[in-house]
Amino acid sequence: MELVDTVLGILGATALRVGGALVEDWGPPRQRAVLGLLAYRVGRWVPVEQLLDWVWAARPPDDPQSTLEGYAAKIRTHLKGVAAPATISGRRGRFRLDVDPDLVDFHRFRRLADTAAVQARAGDPAAEDTARQALALWRGDLLDDLTTPFADGARATHGQPARLTARRALVDSLLARGAHQDALSTLLELQEDEGPHDVEFAERRITALRGLGRQREATTYYLGMRKHYLDEGDPDSAEQVRAHHDSGLPTATGGTPVPHHPVPRGLPVDSPDFTGRADLLAELDVAAGLADGDPLRGVLVLDGMPGVGKSALAAHWGHRAQSRFNGGSLHVDLDGWDDGGVRPRAAVVDELLLALGRQVDGRGSPQEREVLLRQALADRHTLVVLDGVRDREQVKDLIKVLADCLVLITTRQRITSLTAWSGARRVHVPPLSPAESAELAARRFRARPPGRLAEDLLAACGGLPLVVNLAVEHVVAFGAGALSADPARLLDLGGEGFSVASITGHTHRLLGGAPRRAFGLLGLHPGADFGAEVAASCTGLPLGQAEACLSVLVDAHLLQPGRAPGRYRFHGLLREFARRRAGEEDGAARSAAVTRVVDHYLQSAATADELLDPGTPKAPRLAPVPGAVRAALPDAAAAARWLRDERANVIAVLRLAADTGDHARAWRLAHAVGTHYDLHGCYQDSLVAHRVAIGSARADGHREAESSSSHDLGVMLLRHGELEQAREHLDRGRRFAEEHGPPHALLAGLLHLGLHELRRGRPAAAVPLLERCLALGADDASRAGHTDLAWVCAHFGEVRVQLGQPVEAEVLLHQGRYHAEMGAAPAALAACLHGLARVHRVKGDLSAAESLATTALAGALSAPHRPLVIAIRAELAQLHEQRGALATAQEQARQAVADAENAPLARADALRVLGRVMHKQGKHEDARAAWTPALAAYVQLGDEVKAAVVRAQLDMLPHDITLPLARSGDHSGQIVDNPPRRPS
């Protein structure tokens, strides 16, 4: 049948009305498919990505943008011949068709079908004509030119349901005017197309048969359907069809049957792929009272971020629970997040009345209809799902009308005022767990060609069922390699109206001005989570206002509470969405926000460094940036916690500062944190910090800072056994200090060059360097000067032990102990006590050695100084080994190994001690398990002296093993504990 009053058809092949005639073959298939999708999304921008997903079942074109622009140009030529204005616009990777939606057959069809359904429920005789007008437009399936899974989904969710609505309305209108034969014929066609067991169709067929006087046939049909429902384990449908059958029987007095309103079953279809959520289903059972007996009356609220599956969970739980509600179930979509505004309460009341089988003729006032609804629900217990609620104001009066029901609300908003006002029980819906996401993807693939989502892609979906489903559809259509784990790509998957970007955009646009802008600016923060001070710095707001914005964003589920109180974080996809919103700010505003964030971390780190290492000279501070809020750090303990908790953020901000050219802050921030992280075992983070410092100091033109940064990197590399690289950086720092000073920088450079010689197994070469250090520091009576000399004495003492000079070593170490006490340097004091313990062990005074080492360990732990802690634990293990307390020795050695997880050289030294302790206990396999990785580490680090010792130890074991080959490199001595760096 030709299109009626339309110029563009997508029910069937995409058709144009040109010159009064309907034309289906007006262009090639792909052009027809493109126009079909644009008509389906009429009036809305369709991204290129969505056009590719929907139109191309095989490999997309090499240049999609150019291809689509060419198609659009050709389609525009054809549109000039239609009888109404219809234009295609293209802009920045998007296309849009502008035409009156009522001139597109599908949109007119849906309007007419919905109108017919309302008219039929109200008993309006016009329903039959309206339904027939709609059905006259049906030429074939929706978007018949598109064969991709996305088009299949549109047909299943919008095309066929709309046709079913129109056909059902036609049946109801025919029954209402007594045209029972026509109604029965239409019903038989319906049951053939949709399946014979739909309970509503069964009720209508019984009514039609009775209207034709075929009572016996009606009863036989009823009995067969009831048996089928009972056999299939569906007692609700069996009871519903029984009640409908009995309602048509004569009364006891032979009078007119009592009017019967069937129990409504109005929930959306339950997804066959629903996965997981066992804990939430149980929580809903408890909150609804199902666990203890009959369901309660009142309000339940399901809240969570967009795309997390709230509506699917409500439908699934509702289907599980609806047999417990004698009043059935109702569902209304409140469209609370639609840009067009919320649905009027009166419209919702009318929809509920119609679902209950009550006529709504519009003659009564809204208040009278609310009374009618409450009366209709009074003698029954009904589950009512209010889907997509925006806020308390939208539902507070409606909840009063539904007081006799259990109301289940889904919302993207954490509506605390509603729970406080109504006593509602709140159930938060988080993202799926990784296991649940994998199971959902597997279920989605079962009914499709075999496939899987790569682990990184599945993880990038962030546990959002919406994104997992869309990703599966995309992989099915285009293959596993067609979709990456890029959040920007996943954010747009599904296109306008379906993607996370689209549905989150509704929530974002409804925010107030300050929270809406704050959301975008917070996307510029590069770390995983943040606190209120960072939010204030990022937005430029006072701390109190920033905290208020954070609260609004958490309530809207655009931010999530962090893992610690007072912390906040983005879901991965929403972080990408926030960055897009930040892109709407002008460049100056974005740059200012980034500068404030960097300065927050710089000022906070500098304060932490002052509290934790007050005696060491610091880099000159920059003036604070207005609007940057420094972290509150009242004492050293708070400073240590801040450095620990913010470590990942600090490294991310360091990279951000360097990448954006803020080099003056980048190298200062690196100086403030680099050595602290190394001394706490964070080797990789310390490495990043020192390398950023060198590059940024060079870019900033600050030669002294560059030299100091190079020295610090050399110290760190030396500590971890990278001797060749360490020497290069230490020499660079020493040369600058020789030429430009200051003396303390030269002292630090010479000291670490001496330690380098000691590590290479050349203690004699270290002596002149360390003697020069003593001379340089002799006249410095400051706290920092005493600390420098304490470290020089601690390491000079180790050199003397290596040279077989324990008396000279003891003198130096006692001098170092004095300087450490004068400089209030607990780590340096612990290093001197550790050296004295070693001297006493060499002399055979094991009791004194153990006492000194135990005191040294306490000091190193309190400093804290991780490399020193590892070395002292290894020393204690050797002491206990010599005393024969092998169990205690084993415990200390194992703890040293655990502490050295991120320090390869220190870990190898501790493993060497552990292997020896195990060997002495006759635990040869445990000894092998310790010595084998120690040998591999020494070979990797080029320490052939220690590697040879471990090889010899392994050779003593009962069984042969394969040993790593030697690597050419320098020789090194025993483990030593390096002092902190000396910054410029």
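As a convention, each chain's residues are numbered from 1 in the sequence order in which they are written. Totals for whole chains, interfaces and linings use every residue, but because this is a predicted model, local features are given only for residues with pLDDT of at least 70 and side-chain atom pairs only at 80 or more, for both listing and counting. Note that water and hydrogens are dropped before the side-chain values are worked out from all heavy atoms of the structure.

Peer 1: In this structure, what is going on with the packing of helix H39 (residues 866-883) against helix H41 (residues 904-920)? I would like to understand it.
Peer 2: Geometrically, a packed helix pair is captured by the angle between its two axes and the distance between the axes. Axes here mean lines fitted to C-alpha atoms, for a helix over just the part in contact, with angles spanning 0 to 180 degrees between N-to-C directions. Helix numbers and strand numbers start at the N terminus; a helix is a DSSP run of H or I with at least 4 residues, a strand a run of E with at least 2. Closest axis-to-axis distance for the H39/H41 pair is 10 Å, and the angle between their directions is 15 degrees. Between H39 and H41, the crossing angle belongs to the class labelled roughly parallel. The crossing of H39 and H41 is left-handed. Where H39 approaches H41, its residues Ile870, Ala874, Ala877, Gln878 and Glu881 are matched on the opposing element by Ala906, Val913, Arg916, Val917 and Lys920. Looking at the contact of H39 with H41 residue by residue, the classes come out as six nonpolar, one polar and three charged. Any angle between 65 and 115 degrees counts as roughly perpendicular, while under 35 counts as roughly parallel, over 145 as roughly antiparallel, and the rest as oblique. The handedness criterion is simple: a crossing whose near helix is rotated anticlockwise from the far helix by less than a right angle is left-handed, and one whose near helix is rotated clockwise is right-handed. Only heavy atoms matter for contacts: two residues are in contact if any of them lie within 4.5 Å across the pair. For this classification, Asp, Glu, Lys and Arg are treated as charged, while Ala, Val, Leu, Ile, Met, Phe, Trp, Tyr, Cys and Pro are nonpolar and the rest, including Gly, are polar.

Peer 1: Would you take a moment to explain the domain arrangement of the protein for this structure?
Peer 2: Much of the literature gives interface size as the accessible area that the parts lose upon coming together. The domain boundaries here were taken from an automatic or database domain assignment. On domain assignment, one finds that the protein holds domain 1 (1-177), domain 2 (278-428), domain 3 (434-502), domain 4 (512-585), domain 5 (587-699) and domain 6 (890-957). For domain 3 and domain 4, the distance between their C-alpha centres works out to 27 Å. Counting from both sides, the interface comprises twelve residues of domain 3 and, opposite them, six residues of domain 4. In this assembly, domain 3 packs against domain 4 so that about 700 Å² is buried in total across both faces, 69% of it on carbon and sulfur atoms. Any Lys or Arg side-chain nitrogen located within 4 Å of an Asp or Glu carboxyl oxygen qualifies as a salt bridge. Counting the contacts that link domain 3 with domain 4 gives one salt bridge. Pairing of N or O atoms within 3.5 Å defines a polar contact, subject to two protein rules: one partner must be a possible hydrogen donor and the other a possible acceptor, and residues neighboring in sequence count only if both atoms are side-chain atoms. Applying the counting criterion to the domain 3 and domain 4 interface returns three residue pairs in polar contact (both at pLDDT 80 or more). Elements with a contribution of two residues or more to the side of domain 3 that touches domain 4: helix H20 (487-492) and helix H21 (500-509). With five residues, H20 is the single largest residue contributor to the side of domain 3 that touches domain 4. Considered class by class, the residues forming the side of domain 3 that touches domain 4 number ten nonpolar, one polar and one charged. A quick way to say it: buried area is the sum, across both parts, of accessible area lost when two parts are put together, with a 1.4 Å probe.

Peer 1: What is the right way to look at unusual backbone geometry in this model?
Peer 2: Excluding glycine, residues mostly have negative phi values, and the peptide bonds linking residues are mostly trans. With an omega of -15 degrees, the peptide bond running from Ala863 to Pro864 counts as cis. Note that Pro864 resides in the loop between helix H38 (846-862) and H39. Residue Arg277 is not a glycine yet carries a positive backbone phi of 65 degrees. Note that Arg277 resides in the loop between helix H10 (235-247) and helix H11 (278-287). Of note in the backbone geometry, Ala824 takes a positive phi value of approximately 50 degrees without being a glycine. Relative to the assigned elements, Ala824 resides in the loop between helix H36 (806-822) and helix H37 (826-843).

Peer 1: What should I look at first to understand the UniProt feature "domain: Bacterial transcriptional activator" (unreviewed entry) in the protein in this one?
Peer 2: Residues annotated in UniProt with the feature "domain: Bacterial transcriptional activator" (unreviewed entry) correspond here to residues 104-242. The span residues 104-242 is 78% helix and 0% strand, and its two end C-alpha atoms sit 43 Å from each other. UniProt positions are given in the numbering used here, feature names are shortened, and annotations may be inferred rather than shown by experiment.

Peer 1: Before we go on, may I ask you to explain the nonpolar core in this structure?
Peer 2: Nonpolar side chains in soluble globular proteins generally cluster together in the buried interior. Among buried residues, those of type Ala, Val, Leu, Ile, Met, Phe, Trp, Tyr and Cys that are joined through side-chain atoms within 4.5 Å constitute a nonpolar core. With a 1.4 Å probe rolled over the protein chains alone, any residue whose accessible area is under 20% of its type maximum counts as buried; one over 50% counts as exposed, and the rest are partly exposed. One finds Trp317 and Leu453 to be the most contacted residues of the largest nonpolar core, which totals 156 residues. With 43 residues, the next largest nonpolar core counts Trp791, Ala809, Leu812 and Ala837 among its residues.

Peer 1: Just to check I follow, could you spell out the pairing of strand E2 (residues 15-18) for this structure?
Peer 2: Regular strands have side chains that alternate between both faces of the sheet. At least two DSSP bridges between two strands are needed for those strands to be called paired. Bridge count between strand E1 (residues 8-9) and E2: two bridges; the pairing is antiparallel. When the sheet's bridge partners are listed, Gly9 is paired in E2 with Ala15. Taken together, E1 and the strand that follows it, E2, pair antiparallel across an intervening segment of five residues, in which Gly12 is found at a positive phi of about 110 degrees. Pairing analysis gives three bridges linking E2 to strand E3 (residues 21-23), with the strands arranged antiparallel. Each bridged residue has a counterpart across the sheet, and for Val18 the counterpart in E3 is Ala21. Taken together, E2 and the strand that follows it, E3, pair antiparallel across an intervening segment of two residues, in which Gly19 is found at a positive phi of about 60 degrees.

Peer 1: Looking at this model, I keep getting lost on H11. Mind explaining?
Peer 2: Residues three or four positions apart in an α-helix share a direction because the helix packs 3.6 residues into each turn. Inspection of H11 places Leu280, Leu281, Leu284, Asp285 and Ala287 among the buried residues, and these make up the whole buried set. The inward-facing, buried residues of H11 abut strand E7 (298-303), helix H12 (310-321), strand E10 (406-411) and strand E11 (425-428).

Peer 1: I tried to follow the packing of aromatic side chains on my own but got confused; where do I start?
Peer 2: The geometry of an aromatic ring pair is captured by two quantities: the separation of the ring centres and the angle between the planes. Only centres within 6.5 Å qualify two rings of Phe, Tyr or Trp (six-membered ring in Trp) as a pair; their planes then separate them into stacked at under 30 degrees, edge-to-face at over 60, and tilted for everything else. Taken as a whole, this structure holds ten aromatic pairs when the rule is applied. Arranged with centres 6.1 Å apart and planes meeting at 25 degrees, the rings of Trp54 and Phe150 form a pair that is stacked. Residue Trp54 is located in helix H2 (residues 48-55), and its partner Phe150 is located in helix H6 (residues 149-176); the two are separated by 96 residues in the primary sequence. Judged by its relative accessible area of 4%, Trp54 is buried. Taken together, a centroid distance of 6.2 Å and an interplanar angle of 55 degrees make the contact between Phe530 and Phe570 tilted. In this pair, Phe530 sits in strand E12 (residues 529-530) while Phe570 sits in the loop between strand E14 (568-569) and helix H25 (572-582), placing the two residues 40 residues apart along the sequence. For Phe530, a relative accessible area of 1% puts it in the buried group. Of the aromatic side chains, those joined through ring pairs into one cluster are Phe519, Phe530, Tyr568, Phe570 and Phe577. When the NZ atom of lysine or the CZ atom of arginine is within 6 Å of a ring's centre and also within 35 degrees of its normal, the charge is said to sit over that ring. Seen from the ring of Phe577, Arg581 lies directly overhead, with NZ or CZ sitting 4.5 Å from the centre.

Peer 1: Please explain the packing of helix H22 (residues 513-522) against helix H23 (residues 532-539) as it appears in this structure.
Peer 2: Interhelical geometry of H22 versus H23 gives an angle of 100 degrees and a closest axis separation of 9 Å. The angle between H22 and H23 places the two elements in the roughly perpendicular class. Contact residues: H22 offers Arg517, Ala518, Leu521 and Leu522, while H23 offers Ala535, Cys538 and Thr539. Among the residues making up the contact of H22 with H23, the classes are represented as five nonpolar, one polar and one charged.

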